[in-house]
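Working through the structure, step by step
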Number of protein chains: 2
Amino acid sequence: MTKINVEKCAGILKEQDDILILTHAHPDGDTLGCGFGLCRALLKLGKRARVICADEIPAKYHYLYADLQMPDFEEKYIVAVDVATENLLGSLAEVYGGRIDLCIDHHATNTGYAAYLLLNADAAAAAETVFKVIKALRVPIDRHIADCLYTGLSTDTGCFRYASTTSNTYRAAAELIDLGAANGTINRVMFETKTKTYAALERLAIEGMQFFCEERVCVITVTQEMYRLSGSSEVETEAIAPLTRQTEGVEIGLTIREKADGKCKCSIRTYESVDASKLAACFGGGGHKQAAACKFDCGVEEAKALLLAQCRTLLS
Amino acid sequence: MTKINVEKCAGILKEQDDILILTHAHPDGDTLGCGFGLCRALLKLGKRARVICADEIPAKYHYLYADLQMPDFEEKYIVAVDVATENLLGSLAEVYGGRIDLCIDHHATNTGYAAYLLLNADAAAAAETVFKVIKALRVPIDRHIADCLYTGLSTDTGCFRYASTTSNTYRAAAELIDLGAANGTINRVMFETKTKTYAALERLAIEGMQFFCEERVCVITVTQEMYRLSGSSEVETEAIAPLTRQTEGVEIGLTIREKADGKCKCSIRTYESVDASKLAACFGGGGHKQAAACKFDCGVEEAKALLLAQCRTLLS
């Protein structure tokens, strides 16, 4: 693995064609915004490029690619965006694992699985770095590219809310708005709009919220039964995790989601006092200091017990 | 009333001393951020200045003035910040009404009650304009002033979320962060932290949410009984109003708060299709296109019926 800078990254991309862009499984606005933003820029350069994801893309992200014609081709160059480890590619890892040529990322925990790595761990979103790469490619940035990159910035920072947000993030957002990003509409869709099914799921989640370790740990469990009752699905659960950290005094928020096969995943949210990526690492997961995730081969109750045992250790 | 620009406003303030700064009743982060930010700047210029408010300042805003020694004096010059009409001063209107020398505001509906008015209706927050005034005063901006002004920007835009937020708002935020504003901490306090009493009130509010006009209108009623059950109070209700607008399909969100005397107030939130300030004006209130408020001399049920009748007209 060779670490590269923005200029080198742009130089490499200029030399390549038939570029396949991989986004991470359970996709969010940053991986998708980076993927479709970079794809649009490469298409403008006259190259063939396409974005793929292992999982279904939630309907709210449709505007990122609604107008986009992505050509079909046999990939000659493979780029991963906002993907810290190959196993976060989900089912795509089986096909492309060990074959990734370039990765653009902002996770300090990036495992260096790609031949070239452009990593800026100080960036609040990978989209900050993809924005720089697109500028270095000297592609005229239209409002569609601006929308994609703004979506990455906004969603990965909880709408410029989290402590990871720097003045550079705000400046990049200002530039993208001047380039035509529809900030008001994007934020309304991402943060202000709850589908009726999600609103029902959220109500069940809040009703079932539990507190442990002298109310320093908050747990929300999302079960298959709750999806059935609310009409919602896993695709809509992205906004649940931040809720666990919002009650005064909570230092660790855990959102345990039951999968269809009865196994489960946990999203971890913390404040400064606890390193979320360390907690996730206890169970083979990873992420950032204040937002991380891990998977379990057991059911939600057993996973909860395992997680709470680790929380007790971390908080003592 | 004479409209003035930023330079003229700074020139006037330089000439004055013993300056009393008025904030609006039921204070929010913008009026308080502007008030304490401007007060700090004037104190740095060697002047005497003080901020007052008719209502109790919620505890979460304590950091805006925790370290501040505000001198006592008989006011010679009166400035109102982020106050669209004199009656929004609450009980201070009785004392200072008709005597206000200068107003710095961003409400298009400002009634021009002050002798001088510095109005920028394109600014997402009054703090954007106060920031310009402080720069024009050539006061070195320390991290306390930066915190105050950043608080105004962030709170009046729902953390840079609303459509009113422009690239200038983002650029101002970037500058303030570089000047030392603790953006992560401020946003955590303002948007990520719910007191246990507020969390209980919010749960009751969400449980009691009602939909009308083919689910295009959402109503939340906050009663004295709900304060009693949750241990919360009116001081904590600021975050309720945005909830009314979040369910898919809702165009008008109404939050009707019962006061201790049985009368009530309504906060109105809308999207592009409806002008909130027009709806508020039907009942003698005012505000912005997508966020406004009005008062009623009747109880919540009667106010709800009156509001819904107007909503039916507006939506038809």
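A brief look at the structure comes next. Quantities reported herein were computed from a predicted structural model and do not represent experimental measurements. (Residues numbered from 1 in each chain as written. Chains lettered and ligands numbered in written order. Predicted model: local features only at pLDDT ≥ 70, side-chain atom pairs only at ≥ 80, totals over all residues. Heavy atoms only, no water.)

Let us now look at the interface of chain A and chain B. On the chain B side, the residues contacting the 36 residues of chain A number 37 residues. Approximately 3,700 Å² of surface area, both sides summed, lies buried where chain A meets chain B, with 47% of it carried by carbon and sulfur atoms. By the criterion of area lost to chain B, the three top residues of chain A are R161, Y170 and E192 of chain A, representing 22% of everything that side buries. At the boundary of chain A and chain B, one finds 10 salt bridges. Note that E192 of chain A and R245 of chain B form a salt bridge whose closest N and O atoms lie 3.6 Å from each other. Put simply, chain A and chain B have 25 residue pairs in polar contact (both at pLDDT 80 or more) between them. Elements that contribute at least two residues to the side of chain A that touches chain B include exactly α6 (167-178), α7 (183-192) and α8 (196-207) of chain A. At 8 residues, the largest contribution of residues to the side of chain A that touches chain B is made by α6 of chain A. (Contact = heavy atoms within 4.5 Å. Buried area = accessible area lost by both parts, 1.4 Å probe. Salt bridge = Lys/Arg side-chain N within 4 Å of Asp/Glu carboxyl O. Polar contact = N/O pair within 3.5 Å; in protein donor to acceptor, adjacent residues only side chain to side chain. Helix = DSSP H or I, 4+ residues; strand = E, 2+ residues; numbered from the N terminus.)

A few words now on the packing of helix α5 (residues 143-156) of chain A against α6 of chain A. Residues and elements named next belong to chain A. Direction vectors running N to C along α5 and α6 enclose 155°, while the axes themselves pass 9 Å from each other. Taken together, the axis directions place α5 and α6 in an arrangement best described as roughly antiparallel. For the pair α5 and α6, the crossing hand works out as left-handed. Taken together, the residues of α6 that come into contact with α5 (itself represented by A146, L149, Y150 and L153) are T169, A172, A173, L176 and I177. The class makeup of the residues in the contact of α5 with α6 is 8 nonpolar, 1 polar and no charged. (Axes fitted to C-alpha atoms, helices over the stretch in contact; angles between N-to-C directions. Parallel < 35°, antiparallel > 145°, perpendicular 65-115°, else oblique. Left-handed = near helix turned anticlockwise from the far one by under 90°. Nonpolar A, V, L, I, M, F, W, Y, C, P; charged D, E, K, R; others polar.)

A separate point is the packing of helix α4 (residues 126-136) of chain A against α5 of chain A. All names here are of chain A. The contact between α4 and α5 brings their axes to 8 Å, and the two run at 150°. Accordingly, the angle class assigned to the pair α4 and α5 is roughly antiparallel. Contact residues: A127, E128, V130, F131 and I134 in α4; I145, L149, G152 and L153 in α5. Residues belonging to the contact of α4 with α5 are distributed by class as follows: 7 nonpolar, 1 polar and 1 charged.

Our next topic: the relation of the copies chain A and chain B. Mapping chain A onto chain B is achieved by rotating through 180° and translating by 0.0 Å along the same axis, at an RMSD of 0.0 Å. Such a combination of turn and shift is consistent with a two-fold rotation axis. Interface overlap between copies: 100% of the residues of chain A at the interface are likewise at the interface in chain B, consistent with a symmetric, same-surface contact. (Least-squares fit on C-alpha atoms with pLDDT ≥ 70 in both.)

Let us now look at the side chain of R161 of chain A. When you line up the elements, R161 of chain A lands in the loop between α5 and α6. Owing to a relative accessible area of 10%, R161 of chain A belongs among the buried residues under this scheme. Separated by 2.9 Å, the side chains of R161 of chain A and E192 of chain B make a polar contact. If sequence neighbours within four positions are ignored, R161 of chain A has contacts with Q246 of chain A together with C159, R161, N183, G184, N187, F191 and E192 of chain B. (Buried < 20%, exposed > 50% of the residue type's maximum accessible area, 1.4 Å probe, protein only.)

Residue and element names in this part refer to chain B. Taken in spatial order, the 6 strands line up as β1-β6-β5-β4-β2-β3 in an open sheet, and their pairing is parallel. If you trace the sheet from one side to the other, it starts and ends with β1 (2-3) and β3 (49-52), each paired once. Pairing of strand β2 (residues 19-22) with β3 involves 4 bridges; the strand directions are parallel. What sits directly across from L20, in β3, is R50. In the packing of helix α1 (residues 6-15) onto the sheet, contacts are made with β2, β4 (77-81), β5 (102-105) and β6 (116-119), and the angle to β6 comes to roughly 135°. Sitting on the sheet, helix α4 (residues 126-136) touches β5 and β6, and the angle it makes with β5 is about 120°. (Pairing = 2+ DSSP bridges.)

A word on the pairing of strand β6 (residues 116-119) of chain A. Residues and elements named next belong to chain A. In this structure, strand β1 (residues 2-3) lies alongside β6, joined through 2 bridges in parallel fashion. Its bridge partner lying in β6, K3 is registered against L117. Sheet topology places strand β5 (residues 102-105) next to β6; 4 bridges connect them, and they run parallel. Following the sheet pairing, I104 is matched in β6 by L118.

Our focus in this paragraph is the pattern of salt bridges. A complete count under the given rule lists 40 salt bridges over all chains for this structure. Residues R257 of chain B and E234 of chain B are paired through a salt bridge, measuring 4.0 Å at the closest nitrogen-oxygen approach. With R257 of chain B in strand β9 (residues 252-258) and E234 of chain B in the loop between α9 (224-230) and β9, this pair connects stretches of sequence that are 23 residues apart. Residue class for R257 of chain B comes out buried when judged on its relative accessible area of 6%. Among the ionic contacts, a cluster of salt bridges with common partners joins D18, R48 and K76 of chain A.

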